[in-house]
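A look at the structure
Listed below, chain by chain, are the residues.
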Amino acid sequence: EHVMEQVMEQMEHIMDKKNSPERKQIKAEKRGMAKESVNEDEILELNVGGEVFMVKRSTMLFAPDDSHLNAMFRGHYGSMSRDAQGRIFLDMSPRVFSVILSYL
């Protein structure tokens, strides 16, 4: 239950920031950066607690800019943990990740 409370707080934070003018400006800046170095249309295979998710990098970048999740997918994930198939491994509950992903 404590984890779900934290997830709900993070989702509220995401929703508050998602439609702000600052968020729109940041999204425009990200589009410019993506053209230069990061392919936001790249489909990522993630192993989240043993469950495989396929998601566009751009979706992951909707996480708040000051979040750990956003920082991981800005194009500098070479040092991230990977599973035996080379998928990015996130050590967290797939159920919790699914809820977060649906709000992005």
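What comes next is a walk through the structure.

Cut-offs used in this document
- Residues numbered from 1 in each chain as written.
- Predicted model: local features only at pLDDT ≥ 70, side-chain atom pairs only at ≥ 80, totals over all residues.
- Heavy atoms only, no water.
- Salt bridge = Lys/Arg side-chain N within 4 Å of Asp/Glu carboxyl O.
- Helix = DSSP H or I, 4+ residues; strand = E, 2+ residues; numbered from the N terminus.
- Buried < 20%, exposed > 50% of the residue type's maximum accessible area, 1.4 Å probe, protein only.
- Pairing = 2+ DSSP bridges.
- Axes fitted to C-alpha atoms, helices over the stretch in contact; angles between N-to-C directions.
- Contact = heavy atoms within 4.5 Å.
- Core = buried A, V, L, I, M, F, W, Y, C linked by side-chain atoms within 4.5 Å.
- Phe/Tyr/Trp six-rings, centres within 6.5 Å; stacked < 30°, edge-to-face > 60°.

Applying the stated criterion to the full structure yields two salt bridges. Where Arg57 meets Glu42, a salt bridge forms, and the shortest distance between an N and an O atom there is 2.5 Å. Taken together, the residues span a long stretch of sequence, with Arg57 in helix α3 (residues 57–60) and Glu42 in the loop between α2 (21–36) and β1 (43–48) at a distance of 15 residues. Taking the relative accessible area as the measure of exposure, Glu42 reaches 26% and is therefore partly exposed. Here Arg87 makes a salt bridge to Asp83, at a shortest N to O gap of 2.8 Å. Both residues of the pair, Arg87 and Asp83, belong to the buried class.

Once that is clear, we can look at the sheet that holds strand β2 (residues 51–56). The three strands lie next to each other as β2-β1-β3, forming an open sheet whose pairing is mixed. Edge strands, defined here as strands with exactly one partner in the open sheet, are β2 and β3 (88–90). Neighbouring strand axes in the sheet, compared pairwise and without regard to direction, differ in orientation by 35° on average. One ladder, built from six bridges, connects β1 with β2; its direction is antiparallel. Counterpart to Leu44 in the pairing with β2 is Val55. Along the sheet, helix α5 (residues 94–103) makes contact with β1, β2 and β3, crossing β2 at roughly 15°.

Attention now moves to the nonpolar core. Counting residues in each nonpolar core, the largest one holds 21 residues, and the members touching the most others are Leu46, Met60, Leu69, Phe73, Leu90, Phe97 and Leu101. Only α1 (2–18), β1, β2, α4 (68–72), β3 and α5 provide two or more residues apiece to this core. Take this core: its biggest share by element is four residues, from α5. Setting aside anything within four residues of it in sequence, one finds Phe73 in contact with Leu44, Leu46, Arg57, Met60, Leu61, Met80 and Ile88.

This part is about the pairing of β1. Counted between consecutive antiparallel strands, the loop separating β1 from β2 contains two residues, among which Gly49 sits at a positive phi close to 55°. Bridge count for β1 against β3 is three bridges, and the pairing is parallel. For Leu46, the partnering residue across the bridge sits in β3 and is Ile88.

By the definition in use, this model includes one aromatic pair. Each ring, one from Phe53 and one from Phe97, has its centre 5.0 Å from the other, and the planes form 75°; the classification is edge-to-face. Taken together, the residues span a long stretch of sequence, with Phe53 in strand β2 and Phe97 in helix α5 at a distance of 44 residues. With a relative accessible area of 10%, Phe53 lands in the buried category.

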